Amino acid sequence: MAFLFQELRLAVRSLFREKAFTAVIVTTLALSIGATTAVFSTVYQVLWRPLPYPEASQLYRLFQTTTPGAGAGPHKEWARVSLPVWNAWREGARSFSRIEGFHGGKQLLTGTESDERLMVGRASTGLLPMLGVRPMLGRLWAADLEVPGRDREAVISQSLWQRQFGAAPGVLGRSLVLNDQVHTVVGVLPADFQFEPEVEVWKPLSLDAATEQQSALRVVGRLQPGFPPEQARAELTQLALGAEPVAGEKRTGATLESLHGLWVEQSRTQLQVVTGVAALLLLLGCANLTNLLLARGSARAHEMAVRIALGASRAQLVRLVLVESLVRALLGGALGLLVALWGREWLSTLVPPQLMSGPGVEPFVLVTATLTSVATAALVGVLPALHASRGRGQAALAPMARGTRATSMGLTRSMLVIVQLSLAMVPLVGAGLMLRTVWRLQHVPLGFEPRGVTVAEVFVPLEKYAGEEASAAVTRSLIARLEALSGVSAAGLTTALPFSGSNYRQTTGFHVVGRPDATESKAQAGYVSVTDGYFKALGIPLKEGRYPGALDTADSPRVVVVTEAFARRHLPGRSAVGARLQLDLPWKSPGAHEVVGVVGDVPMERLTVVPSGDVYVPLSQEPAHTLSLVVRSELPTGQLTPLLYQELRAADPYLRMLKVRPMEGLVEDSYAHARVVSGLLGAFAVLAMVLASVGLYGILAFWVAQRTRELGIRSALGATPSSLLRMVIGQGLRLTGVGLVVGLVGAVLMARALSAMLYGVSAYDPLVFLGAPSVLVFIALVASWLPAASAMRVAPNEALKRDT
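As the structure is a prediction and not an experimental result, all values here were calculated from the model.

Draft legend 1. Highlighting the overall build of the protein. Helices and strands together make up the secondary structure of the protein, namely 23 helices and 21 strands. For the protein, the residues scored as buried account for 53% of the 804 residues in total. Taking the intrachain contacts of the protein between residues at least 6 apart in sequence as the baseline, contacts between residues at least 24 apart amount to 80%. In the structure as shown, the protein presents an accessible area of about 35,100 Å², 60% of it carried by carbon and sulfur atoms.

Draft legend 2. View of the confidence of the model for the protein. Counting all residues, the mean pLDDT for the protein is 80, and 82% of those residues have values of 70 or more. Across the protein, strand β5 (residues 153-156) holds the top mean pLDDT of 94, while helix α12 (residues 393-397) sits lowest at 47. Across residues 70-75 the pLDDT falls below 50, and counting only partners more than four positions away or on other chains, this stretch makes 10 contacts in the model. Ignoring residues within four places in sequence, the model shows residues 392-409, a span with pLDDT below 50, making 20 contacts including any to other chains.

Draft legend 3. Region of the structure containing the nonpolar core. Among the nonpolar cores identified, the biggest contains 88 residues, and Phe448, Tyr616 and Leu754 are the most heavily contacted of them. Examining the composition of this core, we find that 15 residues originate from one element, helix α19 (residues 672-706), more than from any other. Non-local contacts of Tyr616, meaning those with residues more than four positions away in its chain, are made with Val528, Val530, Tyr534, Phe535, Val559, Val560, Val561, Thr563, Val599 and Met604. Counting 25 residues, the second-largest nonpolar core is a separate cluster that includes Tyr53, Met119, Val133 and Val199.

Draft legend 4. Expanded view of the pairing of strand β11 (residues 453-459). Buried residues dominate β11, accounting for seven of its seven residues. Residues Val453, Val455, Glu457 and Phe459 line one face of β11 and the alternating positions Thr454, Ala456 and Val458 line the opposite face, and both faces are buried. In terms of strand pairing, β11 meets strand β20 (residues 626-633) through seven bridges, oriented antiparallel. Looking at β20, one finds that Glu457 is bridged to Ser628.

Draft legend 5. Structural context of the pattern of salt bridges. Evaluation of the coordinates by the stated rule reveals 17 salt bridges. Here Lys203 and Asp151 are joined by a salt bridge, their closest N and O atoms 3.4 Å apart. Within this pair, whereas Lys203 is found in strand β8 (residues 199-204), its partner Asp151 is found in the loop between β4 (137-138) and β5, the two being separated by 52 residues in sequence. Each of the two residues, Lys203 as well as Asp151, counts as buried. Note that Asp601 is salt-bridged to Arg568, the shortest N-O span being 3.3 Å. In this pair, Asp601 is assigned in the loop between β18 (592-599) and β19 (614-618) and Arg568 in helix α16 (residues 564-570), connecting sequence segments 33 residues apart. The exposed category is assigned to Arg568, whose relative accessible area is 54%. Within this structure, Arg90, Arg98 and Glu100 form a network of salt bridges that share partners.

Draft legend 6. Up close: the packing of aromatic side chains. As enumerated under the stated definition, the model contains 12 aromatic pairs in all. Ring plane angle 40° and centroid distance 6.5 Å describe the contact between Phe195 and Trp202, whose orientation is recorded as tilted. Each member of the pair Phe195 and Trp202 is classed as buried. With 6.4 Å between their ring centres and 55° between their planes, Phe448 and Phe499 make a pair best called tilted. Here the residue Phe448 occupies a position in the loop between α13 (401-442) and β11, and Phe499 occupies one in the loop between β12 (488-494) and β13 (506-512), the gap between them amounting to 51 residues.

Draft legend 7. Region of interest: a nonpolar patch on the surface. Taken together, the side chains of Leu335, Leu337, Leu338 and Leu341 present a nonpolar region at the surface, about 320 Å² in accessible area. You can see Leu341 is positioned in helix α10 (residues 314-347). In this structure Leu341 comes out as partly exposed when scored by relative accessible area, which is 35%.

Draft legend 8. Structural detail: the environment of Leu462. By the secondary structure assignment, Leu462 is in the loop between β11 and α14 (468-483). Given the relative accessible area of 23%, Leu462 is considered partly exposed. Taking the C-alpha atoms as reference points, Leu462 and Thr626, 164 residues apart in sequence, are found 9.8 Å from one another. Those residues in contact with Leu462 that lie beyond four places of it in its chain are Ser471, Pro623, Ala624 and His625.

Calculation criteria
- Residues numbered from 1 in each chain as written.
- Predicted model: local features only at pLDDT ≥ 70, side-chain atom pairs only at ≥ 80, totals over all residues.
- Heavy atoms only, no water.
- Helix = DSSP H or I, 4+ residues; strand = E, 2+ residues; numbered from the N terminus.
- Buried < 20%, exposed > 50% of the residue type's maximum accessible area, 1.4 Å probe, protein only.
- Contact = heavy atoms within 4.5 Å.
- Areas by Shrake-Rupley, 256 points an atom, 1.4 Å probe, with all protein chains shown as cover.
- pLDDT = per-residue confidence, 0-100.
- Core = buried A, V, L, I, M, F, W, Y, C linked by side-chain atoms within 4.5 Å.
- Pairing = 2+ DSSP bridges.
- Salt bridge = Lys/Arg side-chain N within 4 Å of Asp/Glu carboxyl O.
- Phe/Tyr/Trp six-rings, centres within 6.5 Å; stacked < 30°, edge-to-face > 60°.
- Patch = residues over 30% accessible without salt bridge, like charges linked within 9 Å, V, L, I, M, F, W, Y side chains within 5 Å.

Dropping the structure here:
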């Protein structure tokens, strides 16, 4: 043990003596280990780790389909399930042991320290037990509560328990007021229950079959052992087609998807790309370490020879270098863990929260990545010691003994530099393509002007008002007060903002009155309730007719405003104004809506989805609990917020307003995924370029040092400094050129992998494929110039004195 302690002491002294070299090694290890560990740990949790439910592989999400041929092969359709279909599956499906349903929506929590809107999940009694959930406090609800009016028991998440009840053990039996309905807390869920992470309250699923036939249920089933998914799909399809029909509902069959596969689907491509780049980065880091340590080994050849001449054994030399390498590797691994924790938090934005277990990293992934880099550092560091100790010390000290070794190591290091440059090309092209995509998304025509617009969520307790006209009077009063504020030019309300997707925007079937075309009876359109100020506040242009106005009351004829895309698709070759639409609204008495106006298109789903057509109905004719307030004002959101709260309370004390923010933030959120991927690839590209440039600089500096005598002779024979400069830079550019040619193959593969995530950019965009090599060539010129400048300063007389 004494000799190990002695060598450890010598290794630490060496680290402090060679601070710059140690810093480069430790930083390279930290970045390589950290980035790779963060990515591989996330990928393991998302793609490979089983879900934390009993027999998780047998859990499937079930869907009904609305188009022929959907659900098989690549033609998937994930439509939610209506109540009659769900009932038919529960009663008749033999391929599933259990089939449970749920759906969720935002509800207002009041009566606590602070009002807030919560996502409330209504679930059938067997859903949570099927998932193996046991409350950490209390119990779940009983089956006899799945009846309207009796569904007043609630199980809350641990985060809500801590936030609103201070983690009090006596929370059981406390009241929870949701949408002005009193519920009793009967249980608290464990912190690791992440089935639907946004849901903070679970309560019984109570559906009135007479009024909720079209309820959009999400259905989960446990497949019976021995039943293949295709056989189960055929059975579900037969039952769905035989279920009680629902007015306006298209139904062509059923499909199913494993619960894990469904959650992974939305992030699989991004993770595969990032994983591939991280693996390349680890290889690049290892190549860089190899280059640095080979250079260090060559520089220490004289030291090794002296030690051999003084009696040191091969084992002692190997052990000394190995201990030094391991100390550096342990320092790099410790810093790499910090990088991994930070990087994993960034990566978590790419994946569904259901698949993330926590902020830590998987231990085996950290160990694997660390051992890979440590082994590289240790083994490569030992090679020079083994080489130097093969002969007698006197031979090792001979000047000519270094010639063959230098040539051999120079060739090896040149190959490593080529590998580094080719690997750096791949993330650089990927980052370029994604940055171009983000730029394109930032310049997609929105159809409205988000600057100067503030949005907020507003809850309207319809139960407090006697009829639709009373609630409409309250919202009109609120809008009038807001528009009277100094600096406010327009204000409006809507049930769905742009980019709200299917979370808030409803869809409805419809047909054009008087048109015999049968296909129109199957058409679908987005369905949004608005006030006229909504269009003015967002700056959505009026193309024809008029906006819905104050005269469009609950008692007046029904009207709608349609978008240009709707008019082009469903009312071609004529003026849309004056057309009559029959909307499939089961909660309304039959009647047609007259089109009174046409407005510009707005992307309601996301930026990359071309608007297919929406219909807007006056809020006074179709009131709703949950609304979004839209205000155009000269005041910034921070100054406007207290004024909005003040006018809201003055309009009606029952109104609640939450989550005030600028509309520009909502627009930025719509392309957040692309921004995160481009940021990750950009960070990897910068790191790869730094490592590659360090490697190129190292090999050229090594090359200049080995050829100092030759450079001196050239200079003595009349070579000019500029010719020496060109010779060294030319050597660097030759290595760079080979590296770029090899890297082009990897760049093409990267472009193909990213093609599904690109928008408005070709996978083989010439600007990127010309720009990336140009950047690397520029970096190569800078990295080559430094040793070239050193070669220019070589004095002939000093160079000729060496090795003599």
